[in-house]
Amino acid sequence: ITQEQFILASQSLHLQRPGCDPVYPVGLYGWRKRCLYFFLLLLLATMIVNLALTVWIIKVMNFSVDGMGNLQLKQDGIRLEGISEFLLPLYVNEIQSRRDSLLVLRSEKNVTMNARNNQGQLTGQLTVGPEAVEAQCQRLEVRSSDGGKLLFTADEEEVVMTTEKFTVTGSDGAVFGHSVETPLIQARASEDLKLESPTRTLTMEAPRGVEVSAAKGPLKVSGRKDLQLESTEGEILLDANSIQLGSLPLGVYAASAAQASEDQALYEVCVCPSGKIYLSPAESSSTCQAMSNICLWS
């Protein structure tokens, strides 16, 4: 049918068109719109401040592709320049300084380095404190600069020094509380050698003998009380151009006491049964007497 016929037919049927719904405006208006713009501006300002702070931190901390500031990350480890402070324990395999500088470990109290085994047990400890340096380990070794020659070792059994010469430069020398075993004790070329025991005895023993010699000077042996030279299976030999025994007491021969005079020129050296030596006026025969006053009071 034609359009006119359709219109006429619809008018005759009194058909009503469906009503359209009311149209509502879409969007933000009023105070909601203002709040949205305010929050967008605040977010933009925050992003700008964060970006500026990030750039400032990168500039101050000197971030780069190799690391951060004095800290450089390399394939073989970490490299720190300048002074570094660690507030917690540091676990590393090796600490090494630069070739042209020293490695300094500094602490307000002490510096302690620990070594542990696979089970976590403490096997060695080195503590550098304000009063002493303490090392706790089963065996302490000191080697030469090249690491090949062993110079000093210490453990619970003994202390061994493998150097060719041990020098003590103190004015009081070296003090040993117990025995000392050494093949040679020698002083410097321009100094004297003195072995002294102020309050006890001084004993030198060797399975094949003890040799005490002074190649270019005198040898002096002195004691406050008795000086004993004892040989159990051999002899005591005094081999010299002249042997002097000074300050020997003078005994009196009873048979010629009245004939003794101050002009006596020759004397005889006598030995008491106790071993004490004294002088007695020389006569045609021996004037030594076992019952001499010197021997009785010795």
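For the protein chain, an unreviewed UniProt entry supplies the name Sarcoglycan zeta and the organism Amphiprion percula. Under the Sequence similarities (unreviewed entry) heading, UniProt states for the protein chain: "Belongs to the sarcoglycan beta/delta/gamma/zeta family."

(A) Representation of the nonpolar core within the structure. Core analysis: the largest hydrophobic core is formed by 5 residues, namely C270, C272, Y278, I294 and C295. With near-sequence residues (within four places) excluded, C272 lies in contact with Y278, I294 and C295.

(B) Layout of unusual backbone geometry. One non-glycine residue with positive phi stands out, namely S247, at about 60°. Positionally, S247 belongs in the loop between β9 (159–161) and β10 (267–271). For S247, a relative accessible area of 80% puts it in the exposed group.

(C) Geometry of the pairing of strand β4 (residues 111–116). In this sheet, strand β5 (residues 122–128) lies alongside β4 in antiparallel orientation, the contact comprising 6 bridges. The residue bridging A115 from the neighbouring strand is G124, located in β5. Between β4 and β5, which pair antiparallel and follow one another directly, the connecting turn spans 5 residues, one of which, G120, has a positive phi of 85°.

(D) View of the pairing of β5. Inspection of the sheet shows β5 paired to strand β6 (residues 133–136) by 4 bridges, in the antiparallel sense. In the strand pairing of β6, L126 is matched with A135. Where β5 folds back onto β6 in an antiparallel hairpin, the turn is made up of 4 residues.

(E) Layout of the state of the cysteines. Applying the stated criterion across every chain, the model contains 2 disulfides. Here C270 connects covalently by a disulfide to C288, the sulfurs 1.9 Å from one another. Across the S-S bond of C270 and C288 the torsion is about -80°, and the bridge reads as left-handed. A residue pair is termed long-range when its members are at least 10 positions apart, and C270 in strand β10 and C288 in the loop between β11 (277–281) and α3 (293–296) qualify at 18 residues. Given the relative accessible area of 1%, C270 is considered buried. With a relative accessible area of 32%, C288 lands in the partly exposed category. Paired by a disulfide, C272 and C295 hold their sulfur atoms 1.9 Å apart. Here the S-S torsion is close to -85°, and the disulfide linking C272 with C295 is therefore left-handed. A residue pair is termed long-range when its members are at least 10 positions apart, and C272 in the loop between β10 and β11 and C295 in helix α3 qualify at 23 residues. Each member of the pair, C272 as well as C295, carries the same accessibility label: buried. By sequence order of its bonded cysteines, the protein chain has the disulfide arrangement 1-3, 2-4.

(F) Structural detail: the side chain of S280. Mapped onto the secondary structure, S280 falls in strand β11. A relative accessible area of 1% places S280 in the buried class.

(G) Examining the pattern of salt bridges more closely. According to the stated counting rule, one finds 4 salt bridges in the structure shown. For R139, the salt bridge is made with E141, and the minimal N-O distance between the two is 2.8 Å. Judged by its relative accessible area of 41%, R139 is partly exposed. Using a relative accessible area of 36% as the deciding quantity, one classes E141 as partly exposed. Across the pair R143 and E141 runs a salt bridge whose closest N-O atoms are separated by 3.2 Å. In the salt-bridge network here, residues are joined through shared partners; they are R139, E141, R143 and D155.

Definitions and cut-offs
Residues numbered from 1 in each chain as written. Predicted model: local features only at pLDDT ≥ 70, side-chain atom pairs only at ≥ 80, totals over all residues. Heavy atoms only, no water. UniProt positions renumbered as here; feature names shortened; annotations may be inferred. Core = buried A, V, L, I, M, F, W, Y, C linked by side-chain atoms within 4.5 Å. Buried < 20%, exposed > 50% of the residue type's maximum accessible area, 1.4 Å probe, protein only. Contact = heavy atoms within 4.5 Å. Helix = DSSP H or I, 4+ residues; strand = E, 2+ residues; numbered from the N terminus. Pairing = 2+ DSSP bridges. Disulfide = S-S within 2.5 Å. Salt bridge = Lys/Arg side-chain N within 4 Å of Asp/Glu carboxyl O.

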